[in-house]
Amino acid sequence: MENIQQFFAPCPRGLETVLAAELKVLGASDIRPTDGGVGFAGDMALCYRANLGSRIASRILWKLTERPYRSEEDIYRTACALPWPDYFDVGQTFRVKVSAIRCPLRSLDFVTLKIKDAVCDSFRAACNDRPSIDTAAPDMRVYAFLTADRLMLYLDTSGEALFKRGYRKEQGEAPLRENLAAGILKLAGWEPGMPLLDPMCGSGTFLIEAALMALNIAPGAERWFAFEKLKNFDAAAWDRIYRESVAAERPKEPLPIYGSDVSSTALAAARTNLEAAGLEGLVSLKQINMLDIAPPAPAGIIVTNPPYAVRIGEQEALAQLYPRLGDLLKQKFGGWRACFFSADMRLAKLIRLSVSRRTPLYNGALECRLFAYEMVAGSNRKPKSTPGPDGAAGQSVPQ
Ligand SMILES: C[S@@+](CC[C@H](N)C(=O)[O-])C[C@H]1O[C@@H](n2cnc3c(N)ncnc32)[C@H](O)[C@@H]1O
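The shown structure was predicted, so the numbers you read here are calculated from the model rather than taken from an experiment.

**Quick word on the site of the ligand**
Phase 1: Neighbouring residues of the ligand: 21 residues in total, closest Ser203, Thr205, Asp261, Asn289 and Met290.
Phase 2: Separating an oxygen atom of the ligand from a side-chain N or O atom of Thr205 is a distance of 2.6 Å.
Phase 3: Within the side chain of Asp261, one N or O atom sits 2.6 Å away from an oxygen atom of the ligand.

As structure tokens, this is what we get:
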């Protein structure tokens, strides 16, 4: 287990720094954040801990090799030279996925085919047989990443993406991915113990991720991982890591985490998902319009993801909601920090409060912002005459 390996953890863009911090706590070394993920080093035990414990990574990819290339033939040769039958069994299925930035080759589909051929030829040479392809639910996923002149080959140690924790039974309206929600909570500065309010909680993703963090329950506690199917799988080490993680869970008790939504369907979804995560009764839920809400504690953090407006009518309704949200926060939420995650860039201007931080983030391909507001009673009204760059408030004037 002490053999040091290289890994790469992809994550939603914008969360690289919080993922790097999380991987450090998990024991990773040589941590290198890049666009869309974090490279790191450690032994296979670290790989198990990262799969089980990372709330922000989408997967943990085990780097098998990195080589220069100029042609499809170079890629075939590099892939063929790897000892594939040492990694997994010929009876297991696999698939190959290729992504690239500035790759000069004509077809990534052809590259995919060459890597698949290389894996099969490597098996044939060793055992006169080849593994089957399964693109839907393979045992093993091989990832290739190409830059202009370098090829990196990885084996996915996660299997299903890590944001699939297993608790999501109901979708609600446009639910956030679990790892994006966990990363946003970190970026918002929320820590276990602080009161948390999501007044537009939908299916409850922020509430559940926060409750899991507060109780120190590993996000991967209820699922399996692809590393369990690798030939080098160390069942005793995994058993030890899993038991340690369960032993570190905090006793279940009601938490200062509050969710509400105007929609009864959304609340029913949140309730179902909380139950599926084993968190029933620990988080407060209420059906109420955000505009009628009262703070559940003297100070705390609001983290929420307002509705996404697609149609013109919805956009107009939202444009009218934002200034009322601003008024509500100013009047009732002095002492709170409010963080809104949205793709709607009008929010910053229309809410008419001094934004303290705006963090660019991506929800899939959709460019979003996390807008943060520090609510000091009476001092957060954005002055109408002195707007800052791109609609940000200038110096705020107490009213
Ligand atoms: C984008 S969804 C939130 C999704 C949630 N983050 C999740 O992961 O499931 C927005 C939610 O805001 C709710 N909503 C819209 N207007 C509201 C209002 N005025 N007060 C409270 N909730 C509202 C909708 O019912 C919807 O559930």
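**Focus on the pattern of salt bridges**
Phase 1: Under the criterion given, the structure shown has 17 salt bridges.
Phase 2: Arg59 is the salt-bridge partner of Asp156, the closest N and O atoms lying 2.6 Å from each other. Placement of Asp156 in strand β7 (residues 150-156) and of Arg59 in the loop between α2 (44-53) and β4 (61-68) is noted, with a sequence separation of 97 residues between them.
Phase 3: Between Glu66 and Arg150 there is a salt bridge; the shortest N-O distance is 2.7 Å. Remark: Arg150 occurs in strand β7 and Glu66 occurs in strand β4; sequence separation between them is 84 residues.

**Some thoughts on the sheet that holds strand β9 (residues 257-261)**
Phase 1: Strand order across the open sheet formed by seven strands is β10-β9-β8-β11-β12-β14-β13, with mixed pairing between neighbours. Each of the sheet's edge strands pairs with one partner strand only, and the pair in question is β10 (284-287) and β13 (357-363). When strand polarity is set aside, the average angle formed by the axes of neighbouring strands in this sheet is 20 degrees.
Phase 2: For β13 and strand β14 (residues 366-374), the ladder comprises seven bridges, and the chain directions are antiparallel. Within the sheet, the bridge partner assigned to Leu361 lies in β14 and is Cys368.
Phase 3: Across the sheet, helix α7 (residues 205-214) lies against β8 (196-198), β9, β10 and β11 (300-304), angled at about 170 degrees from β9, the strand it touches most.

**Some details on helix α9 (residues 264-276)**
For the α-helix, the turn length of 3.6 residues means that residues three or four positions removed from each other point alike.
Phase 1: With 13 residues, α9 extends 18 Å from end C-alpha to end C-alpha; this agrees with the ideal 18 Å at 1.5 Å per step.
Phase 2: Among the structural elements, α7, β9 and β10 are those in contact with the buried residues of α9.
Phase 3: Looking at where α9 begins, the residue whose side-chain oxygen comes 3.2 Å from the main-chain nitrogen of Thr265 is Ser263.

**What about the pairing of strand β6 (residues 140-146)?**
Phase 1: Extensive coverage of β6 is indicated by the burial of six of its seven residues.
Phase 2: Where strand β5 (residues 94-100) meets β6, seven bridges bridge the pair, whose relative direction is parallel. Looking at the pairing, Ser99 lines up with Phe145 of β6.
Phase 3: Note on the crossover from β5 through helix α5 (residues 108-127) to β6: the handedness is left-handed.
Phase 4: One ladder, built from five bridges, connects β6 with β7; its direction is antiparallel. Residue pairing for β7: Leu146 is matched across the bridge by Leu151.
Phase 5: Linking β6 back to β7 in an antiparallel pair, the connection comprises three residues.

**Concerning the side chain of Gln92**
Phase 1: Relative to the helices and strands, Gln92 is located in the loop between α4 (84-87) and β5.
Phase 2: Of the polar contacts made by the side chain of Gln92, one reaches the backbone nitrogen of Asp89; its length is 2.9 Å.
Phase 3: Discounting residues that sit within four places of it in the chain, Gln92 has contacts with Pro131, Ser132, Asp139, Met140 and Lys229.

**Observations regarding the environment of Trp238**
Phase 1: Relative to the helices and strands, Trp238 resides in helix α8 (residues 235-247).
Phase 2: According to the relative accessible area criterion, Trp238 is buried, its value standing at 10%.
Phase 3: The spacing of Trp238 and Met44 is 194 residues in sequence and 9.6 Å in space, taken between C-alpha atoms.

Definitions and limits used
Residues numbered from 1 in each chain as written. Predicted model: local features only at pLDDT ≥ 70, side-chain atom pairs only at ≥ 80, totals over all residues. Heavy atoms only, no water. Near = heavy atom within 4 Å. Polar contact = N/O pair within 3.5 Å; in protein donor to acceptor, adjacent residues only side chain to side chain. Salt bridge = Lys/Arg side-chain N within 4 Å of Asp/Glu carboxyl O. Helix = DSSP H or I, 4+ residues; strand = E, 2+ residues; numbered from the N terminus. Pairing = 2+ DSSP bridges. Axes fitted to C-alpha atoms, helices over the stretch in contact; angles between N-to-C directions. Contact = heavy atoms within 4.5 Å. Expected span 1.5 Å × (residues − 1). Buried < 20%, exposed > 50% of the residue type's maximum accessible area, 1.4 Å probe, protein only. Right-handed = clockwise from strand over helix to strand, strands pointing away.

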